Amino acid sequence: MIIFGAILFASTILISCSLNEKDLVGKTFNIDGYHSIEFTSSTRYSIYQRPHSCGGEGNWSIQDDKIILGSNDSGCESTQRIRGTYSRSQLK
């Protein structure tokens, strides 16, 4: 019984540590000192570049505990390049 309880406790900790949409939606993060990303819904994000006031929107998802940013529709090339796979620790 003690072993079963320990396994259940460890499983609960692992499950609760997994990244999910609720951890990100409605929050804004700095990705590189110039770009801020706001996760506006469970599938959409807004991105804003300082100091050029250049922004856009795109799609995002979570796969294997990584954040996947799809292309965005920004008019600035450097902002368009902010796509790809990120860990939660990369977003400040």
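Residues numbered from 1 in each chain as written. Predicted model: local features only at pLDDT ≥ 70, side-chain atom pairs only at ≥ 80, totals over all residues. Heavy atoms only, no water.

(A) Spotlight on the sheet that holds strand β4 (residues 54-63). Taken together, the six strands give an open sheet; going across it, the order is β1-β2-β3-β4-β5-β6, and neighbouring strands pair in antiparallel fashion. For this open sheet the edge positions go to β1 (28-30) and β6 (84-86), each flanked by a neighbour on one side alone. The sheet shows a mean angle of 30 degrees between the axes of neighbouring strands, direction not considered. As paired strands, strand β2 (residues 35-39) and strand β3 (residues 44-49) are joined by five bridges and run antiparallel to one another. Within β3, the position partnered with S36 by the bridge is Y48. (Pairing = 2+ DSSP bridges. Helix = DSSP H or I, 4+ residues; strand = E, 2+ residues; numbered from the N terminus. Axes fitted to C-alpha atoms, helices over the stretch in contact; angles between N-to-C directions.)

(B) Broad picture of the nonpolar core. By size, the foremost hydrophobic cluster in this structure holds 15 residues, and its most contacted members are L24, I37, F39, W60, I67 and L69. Those elements that provide at least two residues to this core are β2, β3, β4 and β5 (66-72). Sequence-distant contacts of I67, defined by excluding residues within four places in its chain, comprise L19, L24, F39, W60, S61, G84, T85, Y86, R88 and L91. (Core = buried A, V, L, I, M, F, W, Y, C linked by side-chain atoms within 4.5 Å. Buried < 20%, exposed > 50% of the residue type's maximum accessible area, 1.4 Å probe, protein only. Contact = heavy atoms within 4.5 Å.)

(C) Quick peek at the packing of aromatic side chains. A full pass over the atoms with the stated rule returns two aromatic pairs. With a centroid separation of 4.6 Å and 65 degrees between ring planes, the pair formed by F39 and W60 is classed as edge-to-face. One end of the pair, F39, is in strand β2; the other, W60, is in strand β4, with 21 residues separating them in the sequence. The class for F39 is buried, based on a relative accessible area of 0%. Here W60 falls in the buried class, since its relative accessible area comes to 4%. (Phe/Tyr/Trp six-rings, centres within 6.5 Å; stacked < 30°, edge-to-face > 60°.)

(D) Quick peek at the pairing of β4. Alternating residues of β4 divide into C54, G56, G58, W60 and I62, all buried, and G55, E57, N59, S61 and Q63, none buried. Two strands pair when backbone bridges link them, and β3 and β4 are joined in this way by six bridges, in the antiparallel orientation. The residue bridging I47 from the neighbouring strand is G56, located in β4. In textbook terms, the turn of a hairpin is the stretch between consecutive antiparallel strands, and for β3 and β4 this stretch comprises four residues, one of which, S53, has a positive phi near 50 degrees. Bridge count for β4 against β5 is five bridges, and the pairing is antiparallel. Its bridge partner lying in β5, W60 is registered against L69.

(E) Representation of the state of the cysteines within the structure. The tally for this structure, following the rule as stated, stands at one disulfide. Here C54 pairs with C76 through a disulfide, and the sulfurs are 1.9 Å apart. Residues C54 and C76 share a disulfide whose torsion about the S-S bond is about 120 degrees; that sign makes it right-handed. Highlighted residues: C54 in strand β4 and C76 in the loop between β5 and α2 (77-80), separated in sequence by 22 residues. The class of C54 is buried, set by a relative accessible area of 8%. (Disulfide = S-S within 2.5 Å.)

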